[in-house]
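Fold and geometry: a report
Listed below are the residues making up each chain.
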Amino acid sequence: FIYQLPKGMRRSLYMKDDDYRLSFLFGNFTTMTRFTEADLERVIDERLSPLYVSIHSPDPHVRSDMLRNVRGGFSLRWMKVLLDNDIQIRAQIVLCPGVNDAEVLESTLAGLLEQYPTLESIAIVPLGLSRFNSEDRMRVHTQTEAEKVIETVTKWQARYVRTIGRQPIHLADEFYLVAQKSVPEASYYGEFPMLEDGVGLVRSFLDSFDGTGPDLMGKQSGFFASVDVPSPTDYVRVINPAADTGLRSSVSVPVSLSVRKQVVNKPIAIVTGSYGATVMRNALREQNFADVAVLEVQNLYFGGNTAVAGLMTFEDIHRVLSDDKGEHLYLLPDVCLNDGVFLDGGSIEDLHREFDVEVIPTSGSSLRDRLESAKREVSHV
């Protein structure tokens, strides 16, 4: 996706980080193309586990081609040694139609089962495509292709269970949304190890919104998650040195912004991306919040199949709120902000000067609490 970014964004976004230390500390994905013998020794000695590894394909030719790096064809050799030394690895496959899907995906899943049966999890996510893509072979999955991916993965999940007694393969939510199928139940995702990679986000949101499951949306990964909480010892928050290079918020941080007093009489509208809008409308209707408006933010800034809430920009949000003429109190998910700044450089304060906006944590339970609070406010007016 870095190759498909428009010009004019903050410079740090064009930098690729492939440091295994960031993988351990913050869940960043590494291709292991820069991994060395010294790195291997340190990871094993210090038990730096889990690590997050981008696989795409174990075939040397396919992988080096996808990574645009000849070293990528052989860098997975480190993974075998790490697994043999009980280092947990959470793998990712970015699925590109016509490149590493179909027969190549079948071969990939067979190869991973044969060579790396102890992988903790294997997340399969779709190619993220922007309108700035310059490669003709890069395209998004069609509905039929998404259905085929689900069919293929379901078949291999059963084979993994028969062979090793468990199934670590999980599909990103987008495949189900594109195929227009319901996302699996919570039991499918186990402990939701790849939640921040878009695997199980919809199910986590739905279950926490209707109260049938725990709220996992704010769950953090990495070694410092256990100390990154308020406590009497007042631990210093550990900041990801690569956070500013990421296209997603490194840590979901609730933002509280005051709104003008007169907005108490304004109806609420939820602002979200195209994928979220589809899920949100159904959830609101089922939980008796059908009167709450959902404003879908079509991502014109990036274009392509960019439709998640985390990649919404100031420019697109401003356009949607302007079209709505400021008639609502707008609830905005914090996942699209990094320290109060959108990806295109606009700030939440800039938006707040023109519109009544309230930023809330990106979680089902937080949204439900806010909507129920709004109902109580209305009943007391």
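Let me begin by describing the structure that accompanies this report. Here the structure is a predicted model, which is why all the values come from computation and not from measurement. (Residues numbered from 1 in each chain as written. Predicted model: local features only at pLDDT ≥ 70, side-chain atom pairs only at ≥ 80, totals over all residues. Heavy atoms only, no water.)

Bringing the pattern of salt bridges into the picture now. Across all of its chains, the model carries 18 salt bridges by this definition. Notably, a salt bridge pairs Arg-137 with Asp-65, separated by 3.1 Å at the nearest N-O pair. Pair noted here: Arg-137 is in the loop between strand S3 (121-126) and helix H6 (143-164) and Asp-65 is in helix H3 (residues 60-67), with a separation of 72 residues, a long-range link. What makes Asp-65 partly exposed here is its relative accessible area of 37%. Across the pair Arg-319 and Asp-316 runs a salt bridge, and its minimum N-O distance is 2.6 Å. Here Arg-319 and its partner Asp-316 are both found in helix H10 (residues 314-323), three residues apart, which amounts to about one turn of the helix. Sharing partners across several salt bridges, the network here consists of Asp-65, Arg-68, Glu-135 and Arg-137. (Salt bridge = Lys/Arg side-chain N within 4 Å of Asp/Glu carboxyl O. Helix = DSSP H or I, 4+ residues; strand = E, 2+ residues; numbered from the N terminus. Buried < 20%, exposed > 50% of the residue type's maximum accessible area, 1.4 Å probe, protein only.)

Examined against the element boundaries, Asp-19 turns out to sit in the segment before helix H1 (20-26). We classify Asp-19 as buried; its relative accessible area is 18%. Remark: the alpha-carbon pair of Asp-19 and Thr-30, spanning eleven residues in sequence, is separated by 6.4 Å.

Before going further, it helps to spend a moment on H10. Of all the residues in H10, the buried ones are Phe-314, Asp-316, Ile-317, Val-320 and Leu-321. Angularly, the buried residues of H10 cover 165 degrees about the axis, an arc narrow enough to put them on a single face. (Arc of directions from axis to C-beta.)

With that out of the way, let us pick up the nonpolar core. Taken as a class, soluble globular proteins show a tendency for nonpolar side chains to be buried jointly. In terms of nonpolar packing, the biggest core is built from 81 residues, with Leu-82, Leu-119, Ile-124 and Leu-371 touching the most fellow members. Here this core gets six residues from one element, more than from any other, and that element is H6. Ignoring anything within four residues of it in the chain, the contact list for Leu-371 reads Phe-209, Ile-268, Ile-270, Leu-284, Phe-289, Val-292 and Leu-331. Counting residues in each nonpolar core, the second largest holds 20 residues, with Val-271, Val-297, Phe-342 and Leu-351 among its members. (Core = buried A, V, L, I, M, F, W, Y, C linked by side-chain atoms within 4.5 Å. Contact = heavy atoms within 4.5 Å.)

Take the packing of aromatic side chains next. Geometry of an aromatic ring pair is reported as the spacing of the ring centres plus the angle between the planes. In this structure the tally under the stated criterion is ten aromatic pairs. Note on Phe-205 and Phe-209: the rings are 5.7 Å apart at their centroids and 10 degrees apart in plane angle, and the pair reads as stacked. With Phe-205 and Phe-209 both in helix H8 (residues 201-209) and four residues apart, this pair spans about one turn of that helix. According to the relative accessible area criterion, Phe-209 is buried, its value standing at 1%. The interplanar angle of 80 degrees and the centroid separation of 5.2 Å between the aromatic rings of Tyr-301 and Phe-302 together place this pair among those described as edge-to-face. Residue classification places Tyr-301 among the buried positions, given a relative accessible area of 10%. (Phe/Tyr/Trp six-rings, centres within 6.5 Å; stacked < 30°, edge-to-face > 60°.)

Take H3 next. Residues lying three or four places apart along an α-helix face the same way, a consequence of the helix completing one turn every 3.6 residues. Within H3 the residues assigned to the buried category are Val-62, Arg-63, Ser-64, Met-66 and Leu-67. Residues of H3 that are buried make contact with strand S1 (51-54), strand S2 (89-95) and helix H5 (102-115). A distance of 2.9 Å separates the backbone nitrogen of His-61 from a side-chain oxygen at the start of H3, and that oxygen is part of Asp-59. Arg-68 sits one or two positions beyond H3 and adopts a positive phi of about 55 degrees. (Polar contact = N/O pair within 3.5 Å; in protein donor to acceptor, adjacent residues only side chain to side chain.)

Moving on, we come to the packing of H8 against helix H9 (residues 274-286). Contact pair H8 / H9: the axes reach a minimum separation of 11 Å and the direction vectors enclose 20 degrees. Classified by the angle their axes make, H8 and H9 are roughly parallel. Considering only the axes of H8 and H9, their crossing is right-handed. Only Val-279, Met-280, Ala-283 and Leu-284 of H9 make contact with H8, whose side of the interface consists of Val-202, Phe-205, Leu-206 and Phe-209. Class assignment of the residues belonging to the contact of H8 with H9 gives a composition of eight nonpolar, no polar and no charged. (Axes fitted to C-alpha atoms, helices over the stretch in contact; angles between N-to-C directions. Parallel < 35°, antiparallel > 145°, perpendicular 65-115°, else oblique. Left-handed = near helix turned anticlockwise from the far one by under 90°. Nonpolar A, V, L, I, M, F, W, Y, C, P; charged D, E, K, R; others polar.)

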